[in-house]
Amino acid sequence: MRIDSRTRLIGLVGTLAIVAAACSGAATPAPATDAPPASVAPTDAPPALAPADVGSDLHKAAQAEGTLTTIALPHDWCNYGGVIDAFKAKYGIEINELDPNAGSGDEIEAIKANQNSTGPSAPDVVDVGLAFGPSGKAENLFQPYKVATWDTIPGDAKDADGYWWGDYYGVLSFEVNTAVVKNVPKDWSDLLKPEYKNMVALAGDPRSSNQAIQTVYAAALANGGSLDDAQAGLDFFKQLNLAGNFVPVIAKPGTIASGETPITIRWTYNALANRDASAGNPPIEVVVPTSGRFAGVYVQGISAYAPHPSAAKLWQEFLYSDEGQNIWLEGYCHPIRYEDLTANDKVPAEQLAKLPDVTGAVFPSLDQLNAAKTLITENWDAVVGADVK
């Protein structure tokens, strides 16, 4: 899983270019629901602002609001713990963290459920899978905003009007507790072997979790499917379930450590962060499968009903600053401004040395993601029949 820094740099810069090209497919708009207040839904997105810093007008407005409400940000996901701590220390604003283990679908539902609320259950910002960006915009759930570094985000990895914008990406991998699993699986087909009975789990519910949905999608690539055919992924998990190898439990660091879910499929950055945190107890090995290498982009959005809109904007300014992007990188995420950062020598060499080899990873287009998401969420119960909880 280690390659030299020069090769890694060339490969990842090329990969980011693929992200930009792959993200250009247009999503099928969902019918609009309740419209947001007119004040946060202008026809044209606002221009990018000057960088927000301590003492800036944006900082003062955010301080007056006093709080930022986030959702679905586990501290070990993309080093969000470090991001949250750094933001609070720099700006002196409290963060109300809702349900760290929620999935992308849960985040969208939280916005919908709190449209008429300014209370602590209403999220200001979301971090969701790529397919949820266009659909959230189509449902009038996001408000437009452009950070100061907007021009350094690849054009095809963001909404032109500023309703959503890419933040980082990772590749799906096998996180394996080697105290339990003696022969570490190297590819998707290995997971069907009898020796892995009651061992293989997902890191979310494939009926609502972006990470789990895309895991099923990735399995399709290695089992006769394609970016245009995710059915093979459902069929693979049906086989896995019938073989008794699939564990219908949402895997977390605790279930991995206990051996309840000793083989968990999740993003490289989550798996590697947990490997580091475990410090060998238990010993964990992270494997990017030989085939079906699948990359997933996540995106940011500000709720159209955000109770703390200035704090939400300040949060985004921090995330997309050089400082924020490098904190994500410390958590093994490839930040969306990676190409710009490396071109300007703003990525520490020691971080480059820690990144995994993800050569050959593919990025589906928005159209492909939407089709796969619909197929998987609507047919998981009928095809696989495992109630993941």
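Values in this document were obtained by computation on a predicted structure and should not be read as measured data.

**Some thoughts on the packing of aromatic side chains**
Each aromatic ring pair is described using two quantities: the centre-to-centre distance and the angle formed by the ring planes. Taken as a whole and assessed by the stated rule, the structure comprises 23 aromatic pairs. The interplanar angle of 55° and the centroid separation of 5.9 Å between the aromatic rings of F237 and W380 together place this pair among those described as tilted. Taken together, the positions of F237 in helix α7 (residues 231–242) and W380 in helix α14 (residues 366–383) put the pair 143 residues apart, joining distant regions of the chain. The two residues F237 and W380 agree in class, both being buried. In textbook terms, an aromatic cluster arises when at least three aromatic residues are bridged by ring pairs, as seen for W77, Y80, F87, Y91, Y168, W267, Y269, Y298, W315, F318, Y320 and W328.

**Focus: the pattern of salt bridges**
All chains considered together, the criterion is met by 16 salt bridges. The salt bridge partner of K186 is E285, with a shortest N-O separation of 3.2 Å. Of this pair, K186 sits in the loop between β5 (165–177) and β6 (200–202) while E285 sits in strand β8 (residues 284–287), and the two are 99 residues apart along the sequence. Accessibility expressed as a relative area gives 40% for K186, which makes it partly exposed. Linking R337 and D340 is a salt bridge whose minimum nitrogen-to-oxygen distance equals 2.7 Å.

**Details of the state of the cysteines**
A full pass over the atoms with the stated rule returns one disulfide. Linked covalently through their sulfurs, C78 and C333 form a disulfide whose S-S length is 1.8 Å. Placement of the pair is C78 in the loop between β1 (67–71) and α3 (80–91) and C333 in the loop between α11 (322–330) and β10 (334–335), with a sequence separation of 255 residues. Comparing C78 with C333 shows no difference in burial state: the two are buried.

The rules we used
What you see as residue numbers is a count from 1 along each chain, following the sequence as written. Thresholds applied to this predicted model are a pLDDT of at least 70 for local features of residues and 80 or more for the giving and counting of side-chain atom pairs; totals over whole chains, interfaces and linings are not thresholded and use all residues. In computing side-chain values, all of the structure's heavy atoms are included and hydrogens and water are not. Pairing of aromatic rings covers Phe, Tyr and Trp, the last counted by its six-membered ring, and requires centre-to-centre distances within 6.5 Å; plane angles under 30 degrees mean stacked, over 60 mean edge-to-face, and any other angle means tilted. Helix and strand assignments follow DSSP, with helices taken as H or I runs no shorter than four residues and strands as E runs no shorter than two, numbered in order from the N terminus. Burial classes follow relative accessibility: with a 1.4 Å probe on protein chains only, a residue under 20% of its type's maximum area counts as buried, one over 50% as exposed, and anything between as partly exposed. When a carboxyl oxygen of Asp or Glu lies within 4 Å of a side-chain nitrogen of Lys or Arg, that pair is called a salt bridge. Cysteine sulfur atoms are paired as a disulfide whenever they fall within 2.5 Å.

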